[in-house]
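Single-letter residue listing:
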Amino acid sequence: MIIVAHVLLILLGATEILQADLLPDEKISLLPPVNFTIKVTGLAQVLLQWKPNPDQEQRNVNLEYQVKINTPKEDDYETRITESKCVTILHKGFSASVRTILQSDHSLLASSWVSAELHAPPGSPGTSIVNLTCTTNTTEDNYSRLRSYQVSLHCTWLVGTDAPEDTQYFLYYRYGSWTEECQEYSKDTLGRNIACWFPRTFILSKGRDWLAVLVNGSSKHSAIKPFDQLFALHAIDQINPPLNVTAEIEGTRLSIQWEKPVSAFPIHCFDYEVKIHNTRNGYLQIEKLMTNAFISIIDDLSKHDVQVRAAVSSMCREAGLWSEWSQPIYVGNDEHKPLREWFLIVIMATICFILLILSLICKICHLWIKLFPPIPAPKSNIKDLFVTTNYEAGAMPAVCISEFPRRGTAASVERLVKNILDE
């Protein structure tokens with residue numbers, strides 16, 4: 001062990017001495033690369049190439065290169081080879097620089113920069129399209145044995161504000177090494193293309209490459225400026241809703257199950273959201289899940305609608321868009337009274353209310369007395385009738401009638417009649 005330790009120390013010391021001899025701080029002068037060029041190799045894709053400086057002093061060192069993208073977006077990276085591919089938009093022009101570097105643990109030695117530039121393509125201002133948006137969607141491919149799923153592409157845009165009326169636009173997309181021109185366009189009222197549909201593309205369902213889209217145009221009156229844009233697939237992929245959603249209620253226990261969406265991603269690559277809406281009180285419950293089943297305790301006296309949506313999990317791809325909600329499924333009982341019963345209740349309550357109001361009005365305005373006046377007092381022949389009747393029956397002598405006041409009131413007559421009837 002002691003011998004091994006001594007050997008390691010000797011090797012470490014030799015390495016430090018060798019590095020010290022090779023440090024370029026004072027002994028090596030780095031020269032910039034030569035023949036730096038930028039070449040367009042595809043839609044929104046360029047190739048940067050350069051060569052080492054032939055006058056560079058050759059030493060036992062590994063030279064590297066630092067590449068800096070100046071426009072349209074600043075970026076820098078390092079490489080050991082003398083070329084680099086770059087995916088970027090080009091309608092604003094492109095500019096980059098490169099220099100030779102030598103790194104160590106103690107210092108960084110670098111040459112001066114050399115630059116190259118691609119000018120923006122020609123075209124009149126305001127003639128290029130604006131608001132370019134694209135979405136992809138996956139469907140099952142029953143016509144191909146090589147691919148189980150097929151990706152469609154749909155893009156829309158707006159006409160440039162200063163584009164002539166005879167302007168016509170054309171769309172191209174590139175994914176990987178494949179480039180396609182659109183064949184199915186939608187047009188505005190002037191016949192200009194404003195949308196494109198690719199029912200089948202070369203885009204991979206689980207791909208991670210950038211999608212490049214270019215829209216150029218032509219006109220007899222002006223040069224139309226092209227426009228290109230890059231899309232990350234996870235940001236534009238419209239996931240399908242989950243399949244075969246089912247919901248069952250047992251008492252207060254609601255069980256929901258579903259299947260993964262139509263997608264090239266396996267079942268473990270999806271997150272889900274379940275939405276349960278109580279139609280009686282409006283209560284909304286949303287739960288996020290990683291499985292394709294959910295159980296909830298609900299109000300069994302209410303009706304509920306259930307929906308589910310999906311998104312690709314960050315475990316399999318960068319987080320993207322949620323799918324649309326599945327079609328609602330209705331479960332449970334609706335405790336609302338039927339419309340007919342409610343109608344009868346309202347009618348009866350309205351009638352009672354009207355009668356109550358009328359009775360109050362009658363009482364206040366004395367309408368009852370006006371509608372039903374008191375019965376007038378009976379005439380004198382009524383007295384003779386009673387005298388004759390009673391005399392014949394032997395219930396009362398005739399002389400008794402002379403004992404009544406001759407000028408009685410109507411109330412006296414009423415009392416007399418009442419007494420006779422009672423007897």
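The preceding data block contains the structure.
Just so you know, the residues in each chain are numbered from 1, in the order the chain's sequence is written. Given that the model is predicted, a residue must reach a pLDDT of at least 70 before its local features are reported, and side-chain atom pairs must reach 80 or more before they are shown or counted; all residues, however, enter totals for whole chains, interfaces and linings. Just so you know, side-chain values use all the structure's heavy atoms and leave hydrogens and water out.

Draft legend 1. Seen up close, the overall build of the protein chain. Counting its secondary structure elements, the protein chain contains 7 helices and 23 strands. Note on classification: 1.4 Å probe, protein chains only; a residue is buried when its accessible area is under 20% of the maximum for its type, exposed when over 50%, partly exposed between these limits. Considering the protein chain as a whole, with its 423 residues, one finds that 33% of them fall into the buried category. Note on contacts: a residue pair qualifies if any of its non-hydrogen atoms lie within 4.5 Å across the two residues. In the protein chain, 62% of the contacts between residues at least 6 apart in sequence involve partners at least 24 apart. Surface exposure here means Shrake-Rupley accessible area, sampled with a 1.4 Å probe, where a residue is shielded only by the protein chains that are shown. With the model as given, the accessible surface of the protein chain reaches about 27400 Å², and the carbon-plus-sulfur share is 58%. Helix numbering and strand numbering both begin at the N terminus, where a helix is a DSSP run of H or I of at least 4 residues and a strand a DSSP run of E of at least 2.

Draft legend 2. Summary view of the pattern of salt bridges. Salt bridge criterion: a side-chain nitrogen from Lys or Arg within 4 Å of a carboxyl oxygen from Asp or Glu. The final tally for this structure, using the stated rule, is 6 salt bridges. Between Asp299 and Arg280 there is a salt bridge whose closest N-O contact spans 2.6 Å. Of the two residues, Asp299 sits in the loop between strand S21 (293–297) and strand S22 (303–312) while Arg280 sits in the loop between strand S19 (270–278) and strand S20 (284–289), which places them 19 residues apart along the sequence.

Draft legend 3. A look at the sheet that holds S22. The strand order across the open sheet formed by 4 strands is S20-S19-S22-S23, and the pairing between neighbours is antiparallel. A strand with exactly one partner marks an edge of an open sheet, and here the two such strands are S20 and strand S23 (329–332). If you compare each strand with its neighbour and ignore which way they point, the axes differ by 25° on average. Strands pair, by our definition, only if DSSP identifies at least two bridges between them. Here S22 pairs with S23 via 4 bridges, running antiparallel. Note on S23: the bridge partner recorded for Asp305 is Tyr330. Note on method: axes are straight lines fitted to C-alpha atoms, helices fitted across the in-contact stretch only, with angles between N-to-C directions ranging 0 to 180 degrees.

Draft legend 4. Looking closely at empty space enclosed by the protein. Site definitions follow a grid-based scheme: protein atoms alone, a 1 Å grid, a 1.4 Å probe that fits but cannot get out for cavities, and for pockets an open set with protein on both sides within 12 Å along at least five of seven lines, plus lining residues having an atom within 4 Å of a point. Grid points are joined across faces, edges and corners, and a volume is the space filled by probe spheres set on the points. Scanning the entire structure with this criterion turns up 1 cavity of 30 Å³ or more. What the largest cavity holds in volume is close to 40 Å³. Contributing to the lining of the largest cavity are Thr136, Thr138, Val151, Ile203, Leu204, Ser205, Leu233, Asp237 and Arg317. Nonpolar residues are Ala, Val, Leu, Ile, Met, Phe, Trp, Tyr, Cys and Pro. Charged residues are Asp, Glu, Lys and Arg, and all others, Gly as well, are polar. Of the residues assigned to the lining of the largest cavity, the class counts are 4 nonpolar, 3 polar and 2 charged.

Draft legend 5. Seen up close, the sheet that holds strand S17 (residues 243–250). Ordered by their spatial adjacency, 3 strands build an open sheet running S17-S18-S21, and the pairing between neighbours is antiparallel. Edge strands, defined here as strands with exactly one partner in the open sheet, are S17 and S21. Ignoring strand direction, the axes of neighbouring strands in this sheet form an average angle of 15°. In terms of strand pairing, S17 meets strand S18 (residues 253–259) through 6 bridges, oriented antiparallel.

Draft legend 6. Structural detail: the state of the cysteines. Cysteine sulfur atoms are paired as a disulfide whenever they fall within 2.5 Å. Per the counting criterion, the structure on display carries 3 disulfides. Across the disulfide from Cys134 sits Cys155; the S-S distance is 2.1 Å. Between Cys134 and Cys155 the disulfide shows an S-S torsion of about 115°. By sign, it is right-handed. Here Cys155 lies in strand S10 (residues 149–158) and Cys134 lies in strand S9 (residues 130–140), a separation of 21 residues in the sequence.

Draft legend 7. Expanded view of the side chain of Ser323. By secondary structure assignment, the location of Ser323 is in the loop between S22 and S23. We classify Ser323 as buried; its relative accessible area is 4%. Non-local contacts of Ser323, meaning those with residues more than four positions away in its chain, are made with Gln238, Ile239, Asn240, Pro241, Pro242, Arg309 and Ala310.

Draft legend 8. Structural context of the nonpolar core. Put simply, buried Ala, Val, Leu, Ile, Met, Phe, Trp, Tyr and Cys residues joined by side-chain atoms within 4.5 Å make one nonpolar core. Counting residues in each nonpolar core, the largest one holds 25 residues, and the members touching the most others are Leu132, Trp157, Tyr169, Leu171, Tyr173, Leu211 and Val213. Looking at this core, the elements that each hand over two or more residues are S9, S10, strand S11 (168–175), strand S14 (193–198), strand S15 (210–218), strand S16 (227–232) and helix H3 (233–236).

Draft legend 9. Region of the structure containing a nonpolar patch on the surface. Here the term patch refers to residues with relative accessible area over 30% and no salt bridge, with like charges joined within 9 Å and nonpolar side chains (Val, Leu, Ile, Met, Phe, Trp, Tyr) within 5 Å. Taken together, the side chains of Ile347, Met348, Ile351, Phe353, Ile354, Leu355, Leu356, Ile357, Leu358, Leu360, Ile361 and Ile364 make up a nonpolar region of the molecular surface, amounting to roughly 1100 Å² of accessible area. Structurally, Met348 can be placed in helix H4 (residues 339–365). Judged by relative accessible area, Met348 falls into the exposed class, the value being 52%.

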